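Reading the structure
One letter stands for each residue in the lines below.
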Amino acid sequence: MAMNSTGRPTAPTGDGLCPDDLKTFSGSRGLMQQEPLLHEVGAPEKCGVDLPDVPEHTARLGGLERDKTIGLPGLSEPEAMRHYVRLSQRNYAIDLGLYPLGSCTMKHNPRLNEKLARLPGFADVHPLQPQSTVQGALGLMAELSDWLVAITGMDAVALPPKAGAHGEWCGMMCIRAAIEERGELDTRRRVLVPESAHGTNPATAAACGFEIDELPADATGRVDMEILRTKIGPDVAAIMLTNPNTGGLFERDIREIADLVHEAGGYFYCDGANLNAIMGKTRVRDLGVDAMHINLHKTFSTPHGGGGPGAGPVVLSKRLSNYAPLPYLVRNGDGWALIEEATQSEAKPFGRMSAFHGQMGMFVRALAYMMSHGADGLRQVSEDAVLNANYLLARLSEEMSPAFDGVCMHEALFDDAFLKDTGVTTLDFAKAMIDEGYHPMTMYFPLIVHGAMLIEPTETESKESLDRFADSLLLLAKMAKSGDTARFTAAPALAPLRRLDETRAARTPVLRWKATDA
Amino acid sequence: MRYLPLNEDDRAAMLARIGVSSIDDLFADIPAKARLDGLIEGLPPHASEMAVERHFTDLSRQSLSAGDAPFFCGGGAYRHHVPASVDHLIQRSEFLTAYTPYQPEIAQGTLQTLFEFQTQVAQLTGMDVANASLYDGSTATAEAVHMAARITRRRKCVLAPGLHPHYAQTVQTAVQGETMDMQVMTPAMGADAGVVDALDDQTACIVVQSPNVFGELVDLEPLAKAAHAVGALLIAVTTEVVALGLVKSPGEMGADIVAAEGQSIGNGLSFGGPYVGLLACRNDRKFIRQAPGRFAGETVDEAGKRGYVLTLSTREQHIRREKATSNICTNSGLCTLAFSIHLALLGEVGLRKLAALNHARACVLADRLDALDGVQVLNQSFFNEFAVRVQGNASQIVEDMAKAGVLGGIPAARLFGTGKFDDVLIIAVTETNRDEDFDALVATLAEAL
Amino acid sequence: MSKLYYTEDHEWLSVDGDTATVGISTYAAGQLGDVVFVELPEVGKTVKKGEDIAVVESVKSASEIYAPVSGQITAANAALEDAPETVNEDAQGAGWFFKMTISDAAELSGLMDEAAYAEFTKE
Ligand SMILES: Cc1ncc(COP(=O)(O)O)c(C=O)c1O
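Note that the coordinates shown come from a computational prediction; the quantities given were computed from them, not determined experimentally.

Around the ligand lies a shell of 15 residues, among which S103(A), D271(A), H297(A), K298(A) and T330(B) are the nearest. More than one chain reaches the ligand: its neighbouring residues belong to chains A and B. Residue H198(A) places a side-chain N or O atom 3.3 Å away from an oxygen atom belonging to the ligand. One nitrogen or oxygen atom from the side chain of T330(B) is found 2.5 Å from an oxygen atom belonging to the ligand. Contact with the protein chains hides 99% of the accessible area of the ligand, taken as 390 Å² for the molecule alone.

The subject of this paragraph is the environment of D21(A). For D21(A), the position within the fold is in the segment before α1 (38–41). Once the C-alpha coordinates of D21(A) and L387(A) are considered, the two residues, 366 residues apart in sequence, prove to be 43 Å apart.

Counted according to the given criterion, the structure contains 18 aromatic pairs over all chains. Relative to F350(A), the ring of W169(A) has its centre 6.2 Å away and its plane inclined at 80°; by these criteria the two rings are edge-to-face. A residue pair is termed long-range when its members are at least 10 positions apart, and W169(A) in helix α6 (residues 164–181) and F350(A) in the loop between β9 (335–339) and α11 (360–396) qualify at 181 residues. Comparing W169(A) with F350(A), the two get one shared label, buried. A centroid spacing of 6.2 Å and a plane angle of 50° characterise the contact between Y99(B) and Y102(B), whose relative ring orientation is tilted.

Listed per partner, the contact involves 192 residues of chain B and 211 residues of chain A. Of all residues in chain B, the largest losses of buried area upon contact with chain A belong to F271(B), R321(B) and R414(B), amounting jointly to 6% of the total for that side. Put simply, chain B and chain A have 15 salt bridges between them. Linking R79(B) and D124(A) is a salt bridge whose minimum nitrogen-to-oxygen distance equals 2.8 Å. Along the contact surface separating chain B from chain A lie 102 residue pairs in polar contact (both at pLDDT 80 or more). Of the residues contributing to the side of chain B that touches chain A, the split by class is 94 nonpolar, 60 polar and 38 charged.

Quick look at the nonpolar core now. L228(A), F300(A), F429(A) and F56(B) are the most contacted members of the largest nonpolar core, which has 132 residues in total. Among the elements that line this core, the one with the most residues is α11(A), at 21 residues. Dropping the residues within four chain positions of it, F429(A) is found in contact with M400(A), F418(A), L419(A), V424(A), M441(A), M453(A), L473(A), L476(A), A477(A) and F488(A). Grouped together as the second largest cluster of nonpolar side chains are 92 residues, A291(A), Y323(A), A140(B) and L233(B) included.

In this assembly, 14 residues from chain C lie in contact with seven residues from chain B. Buried area between chain C and chain B, both sides added, is near 850 Å², and the carbon and sulfur share of it is 36%. Sorting the residues of chain C by area buried against chain B places F37(C), E57(C) and A62(C) first, and these three jointly supply 38% of that buried surface. Taken together, the links from chain C to chain B amount to seven salt bridges.

Moving on, we get to the pairing of strand β13 (residues 424–428) of chain B. In the case of a regular strand, side chains alternate between the two sheet surfaces. Residue and element names in this part refer to chain B. Among the five residues of β13, five are classified as buried, and the element is accordingly described as predominantly covered. Residues V424, I426 and A428 line one face of β13 and the alternating positions L425 and I427 line the opposite face, and both faces are buried. As paired elements, strand β11 (residues 385–390) and β13 share five bridges and run antiparallel to each other. Bridge pairing in β13 places A387 opposite I426. Here two bridges tie strand β12 (residues 410–411) to β13, and the two strands are oriented antiparallel to one another. Paired with I410 across the two strands is I426, which belongs to β13.

To continue, consider the sheet that holds strand β3 (residues 19–24) of chain C. What links the strands of a sheet is backbone hydrogen bonding, and the strands pair in either a parallel or an antiparallel sense. Residues and elements named next belong to chain C. The strand order across the open sheet built from six strands is β1-β2-β3-β9-β8-β5, with neighbouring strands paired in antiparallel fashion. Lying at the two open borders of the sheet, with one neighbouring strand each, are β1 (3–6) and β5 (46–47). In the sheet, strand β2 (residues 11–16) pairs with β3 via six bridges, with the strands oriented antiparallel. Within the sheet, the bridge partner assigned to D16 lies in β3 and is T19.

Here we take up the layout of surface pockets. Volume-wise, the second largest pocket comes out at about 1,700 Å³. Lining the second largest pocket are 49 residues, and of these R150(B), Q290(B), K323(B), A324(B) and T325(B) sit closest to its centre. Within the residue set of the lining of the second largest pocket, elements represented by two or more residues are α6 and α7 (200–207) of chain A, α6 (137–152), α7 (165–174) and α10 (285–290) of chain B together with β4 (35–39) and β6 (52–58) of chain C. With seven residues, α6(B) is the largest single contributor of residues to the lining of the second largest pocket. Considered class by class, the residues forming the lining of the second largest pocket number 20 nonpolar, ten polar and 19 charged.

Rules and cut-offs
- Residues numbered from 1 in each chain as written.
- Chains lettered and ligands numbered in written order.
- Predicted model: local features only at pLDDT ≥ 70, side-chain atom pairs only at ≥ 80, totals over all residues.
- Heavy atoms only, no water.
- Near = heavy atom within 4 Å.
- Polar contact = N/O pair within 3.5 Å; in protein donor to acceptor, adjacent residues only side chain to side chain.
- Areas by Shrake-Rupley, 256 points an atom, 1.4 Å probe, with all protein chains shown as cover.
- Helix = DSSP H or I, 4+ residues; strand = E, 2+ residues; numbered from the N terminus.
- Phe/Tyr/Trp six-rings, centres within 6.5 Å; stacked < 30°, edge-to-face > 60°.
- Buried < 20%, exposed > 50% of the residue type's maximum accessible area, 1.4 Å probe, protein only.
- Contact = heavy atoms within 4.5 Å.
- Buried area = accessible area lost by both parts, 1.4 Å probe.
- Salt bridge = Lys/Arg side-chain N within 4 Å of Asp/Glu carboxyl O.
- Nonpolar A, V, L, I, M, F, W, Y, C, P; charged D, E, K, R; others polar.
- Core = buried A, V, L, I, M, F, W, Y, C linked by side-chain atoms within 4.5 Å.
- Pairing = 2+ DSSP bridges.
- 1 Å grid on protein atoms, 1.4 Å probe; cavity = no way out; pocket = protein on both sides within 12 Å on 5 of 7 lines; lining within 4 Å.
- Points joined across faces, edges and corners; volume = space filled by probe spheres on them.

Shown next, in the form of structure tokens:
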């Protein structure tokens, strides 16, 4: 027999224990690679792009040629790949695990949608090409509008808004324009906003020049109807109501609220961030809404991309359709035309919200998502989203304290009562979830609940995934109650970094790299 | 349905655990009158990946894409070559499917790239600091105007004659909710210096674009001096940031705030969005505190390791609510990453060469067009975009060229409305244009005249 | 000698004749957590009781400071701009926000004294 072996061990031989504080020479830890700043790894002379030579020409820069260096670092392509792949590994993501951020609808992002958004007829067309050459792109916008109108039952849709907050502004500006046309802009000053509202709602109403009047919640977590009645009056421009609200509850009195506002001559703006709970179960029109934005990056699954981009089309009632901003689509024979100037318009657009027509890349993804689901699937989405949330609500209530009684919609809200006297705060609890491999839920929002924890699993989690998540949280809650405080206050211990000093960041802001730091 | 993992057994078991008998029990709060019993009307049932892909491919084919034609459109959106690695990297799950980095311990990837992005933007614009992005250049301009009004506590704003009309309209729309005195100067070529005459001690800011909407480069220095002399701010706008590789930065010329469209770097045309709004300003606490949007900042963790967090958030809507500096929440996160990666691949030498190449190619084409009968280049100066006067109606000429398969620029009337510059065509040239494209443009234009 | 008053918005004012020094209470500073920024009123500004004239910020909150009485701002504690932590370290001393004249001494009568404020912040 010919022996051919280097004789190295092929099964572990040690005791499997490793010192907790194993220090490495490189600063990297196994798969967790250390990665300095771009400006530290890059260099001005490095380049990852090959460009042809610059042809002979007489410069026409009007004497404004740059004479100073910029100081930009460069990287070759392999270096760039490493830099960014290493950094990517320091992020949590939906594709890694359950991402229960309430109000954010972190659902699976189908990759088909990414592929389709890159088709040249959408990705490689210019917003100001002759309209005759972009009929496919305009057709897609028209189809998206049709779907949004069908789902909500509303009369029209404005596509320009670039995110939810931009959509709020669009809807509120339509309302403002309608009030102005009625000659009541000086007298209708007040916008009612529940205390539980997302911060963008009051910020938007203020940006439109309105005064904000806060509405408290009642004991069930919904608009306090008694107080609402006292606040309704001829000076009310609108109510901005989120439904389902930010506590994950359907506003049962929503039709009465709409009637009250309408009778007083005001409008009903609905924050549609939580549309994921009600698609195919009710139509927004039937709730009495005048305007509502839809976060395509939530309900319709366009990826969040670490903070954006999004898209926030706004559906409008007949009373407001006329004020939709420029540009907008109209039928033109067999095709479509964009109305880009107020002078071409028979309507009364309140203005222009941005340079071009909206977030085309998001439109493609959202429409692909809708078509993939169809009428049956979209209803199933909402049913499963609500089922998943209620399942977690039921299971987690064994150890955690739900903020309100009864069932919820697509997200379950807890307060910190179960942590009382444990020395563990909502923040500590959330950070301990990181050690368990989960992204924390939304914390300290909505503001109407002490130490709020808002959990939104979405419909794209399996039962097994929900069970594992619930098991982990129940165990954490038990540990907190049993006095294992250190585990929480020191958390996270297993993330790439420990808790960060946000006070220092705010007191002495360092917002960019500077050469002297090197 | 491929995106929904629950099956009927799961659903039944879960309903039982919740303690309700049917799914509709969970929707009982919906008023009976508003409940939808059947399926949503007018929509088809779910569709396979193959079917959806087919539908979109058909739709895509109904447009003439820039890559399939000699292409010369600019006007605030530019077609540059984006390296394949950029698109690959931004599709990494960890970047693509992450939310806003509110939990810094598990979002250092996003936060560090934002910090790098802010640094690159600050360097490129010649400013001290930059934020983590806004929606696009036009909304960034509107935000800059709000910011200037708050900083100076003044209400008057002058929009220069060379500002992109869609930007001007965006600003005018954005200030409707407050009492601003907007002075929109009549659009004209080469008249940007005229803003000086509109300045007075009530002026919060002047908004000047360079290269301007006609492609003309504007010397901002005298404008900054004049503005500063009366306590006003200069907001410099750029829609083509590649220019900053070759021309003096607005910071160098005295701008106080820069609002720019960053699409040119890393991001495709995408029919107008998503793009990436850049906002940079001086390192002055008054400025930073009035700035809109997010900032990533450096700090350390409990163990003393360097890390990044979102900071100075008390300006933002989630804390300041109706007193926030802006209502923006979601921004252009992934587009900033594309921008940052592309700019990292270019680096100093790459960007400078790219800019030089754009300018040189534009000079070559401008000379060829100027030599045509019935065509006159109007610019004194330009970077990669210039305006020509054509004999005839530019909109019609552009349509005719499109029929011949050439996307030959933007008729100024598309931006300004008909009647003002009907015979002006705005032409942009980038590194993506080949000599053959020039030949095609010259030939079809000569034909269409 | 100066006399100390408190408002229900957790501001203290130390009154000496017709001028007052104003800040936030030690209790409030503790509740806010690490103060990261203080926006001070403009010196010379005439203010009405209850008007919001300054802001104190922690990392995750921004709280308005209201004029505790009517009058005119005569000084602002510029040292806080670079050292906001002073508010945490010495809220009722070096952490003062501004000084003002008092235009209507009668407005003082609605304010709390030390004992009343201690009672007010119990629980
Ligand atoms: C309830 C609610 N309203 C509005 C918004 C704002 O949406 P966007 O971030 O897209 O601007 C959000 C999202 O963060 C939200 O959760």
